[in-house]
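Descriptive analysis of the structure
Below are the chains, spelled out letter by letter.
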Amino acid sequence: MSTPESPRYVRLRVDVVLEIDGPAELTEAAEARIDADEFMPEEERVHARAAAREDGAEALAYLVEPFDLIRDVPGIEMVQASWSSEEIEYDPDALEWDLGEEDGDEEDDDRP
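Presented here is an overview of the structure given in this document.

1. Concerning the overall build of the chain
- Along its length, the chain carries four helices and zero strands.
- Listing each helix as α and each strand as β along the chain from the N terminus yields α-α-α-α.
- Burial statistics for the chain: of 112 residues in total, 16% are counted as buried.
- Within the chain, counting contacts between residues at least 6 apart in sequence, those at least 24 apart form 46% of the total.
- Taken as a whole, the chain presents about 10,500 Å² of accessible surface, with 47% of it coming from carbon and sulfur.

2. What about the layout of surface pockets?
- Counted as a void, the largest pocket has a volume near 2,200 Å³.
- Lining the largest pocket are 40 residues, and of these L12, R13, V14, S82 and W83 lie nearest its centre.
- Elements that contribute at least two residues to the lining of the largest pocket include exactly helix 3 (56–63) and helix 4 (67–70).
- Broken down by element, the residue count for the lining of the largest pocket peaks at four residues, all from helix 3.
- Residues that form the lining of the largest pocket fall into these classes: 24 nonpolar, six polar and 10 charged.

3. A short note on helix 2 (residues 42–54)
- The end-to-end C-alpha distance of helix 2, which contains 13 residues, comes to 19 Å, matching closely the 18 Å that a straight helix rising 1.5 Å per residue would cover.
- Residues of helix 2 that are buried in the fold lie against helix 1 (23–36) and helix 3.

4. A word on the pattern of salt bridges
- Going through the model one piece at a time under the given rule, you end up with five salt bridges.
- Here E31 ties to R53 by a salt bridge, and the two come within 2.6 Å at their closest N and O atoms. On the criterion of sequence distance, the pair formed by E31 in helix 1 and R53 in helix 2 is long-range, its members being 22 residues apart.
- With a relative accessible area of 52%, R53 lands in the exposed category.
- Here R49 ties to D35 by a salt bridge, and the two come within 2.7 Å at their closest N and O atoms. Here the residue R49 occupies a position in helix 2, and D35 occupies one in helix 1, the gap between them amounting to 14 residues.
- Taking relative accessible area as the criterion, R49 reaches 19% and is therefore assigned buried.
- Taking relative accessible area as the criterion, D35 reaches 43% and is therefore assigned partly exposed.
- Salt bridges sharing common partners tie together D35, E42, R45 and R49.

5. Concerning the packing of helix 2 against helix 3
- At a minimum axis distance of 5 Å, the contact between helix 2 and helix 3 shows a crossing angle of 125°. By the angle class used here, helix 2 and helix 3 are oblique. In the crossing of helix 2 with helix 3, the sense of the turn from one axis to the other is left-handed. Residues A48, A51, A52 and E54 of helix 2 form the contact with helix 3, whose own contacting residues are G56, E58, A59 and Y62.
- Looking at side-chain class alone, the contact of helix 2 with helix 3 contains five nonpolar, one polar and two charged residues.

Cut-offs applied
- Residues numbered from 1 in each chain as written.
- Predicted model: local features only at pLDDT ≥ 70, side-chain atom pairs only at ≥ 80, totals over all residues.
- Heavy atoms only, no water.
- Helix = DSSP H or I, 4+ residues; strand = E, 2+ residues; numbered from the N terminus.
- Buried < 20%, exposed > 50% of the residue type's maximum accessible area, 1.4 Å probe, protein only.
- Contact = heavy atoms within 4.5 Å.
- Areas by Shrake-Rupley, 256 points an atom, 1.4 Å probe, with all protein chains shown as cover.
- 1 Å grid on protein atoms, 1.4 Å probe; cavity = no way out; pocket = protein on both sides within 12 Å on 5 of 7 lines; lining within 4 Å.
- Points joined across faces, edges and corners; volume = space filled by probe spheres on them.
- Nonpolar A, V, L, I, M, F, W, Y, C, P; charged D, E, K, R; others polar.
- Expected span 1.5 Å × (residues − 1).
- Salt bridge = Lys/Arg side-chain N within 4 Å of Asp/Glu carboxyl O.
- Axes fitted to C-alpha atoms, helices over the stretch in contact; angles between N-to-C directions.
- Parallel < 35°, antiparallel > 145°, perpendicular 65-115°, else oblique.
- Left-handed = near helix turned anticlockwise from the far one by under 90°.

Next comes the structure, spelled out in structure tokens:
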């Protein structure tokens, strides 16, 4: 007995924390991407340039393309994507940033 294959949808969530150590270079790259966008109306382009100059998170949002993450993955088709970036407070020693223990397993230092 065969059953028809049905589409399987998967939501992939990725959190990345980045340190902006070259704000001028980031802004320059964002403005270049904005200027190269042939489909962006000029009024929106002016607003986008100003936002990229004022906020590194905004500049980054113009440079990140979710499709690039899965472009070469076989057997999938992107159905929908959204992303955002925001400035955050970051403490690498805080428990909320300890990504190695998400599953509740602590590393055992006595393991071979």
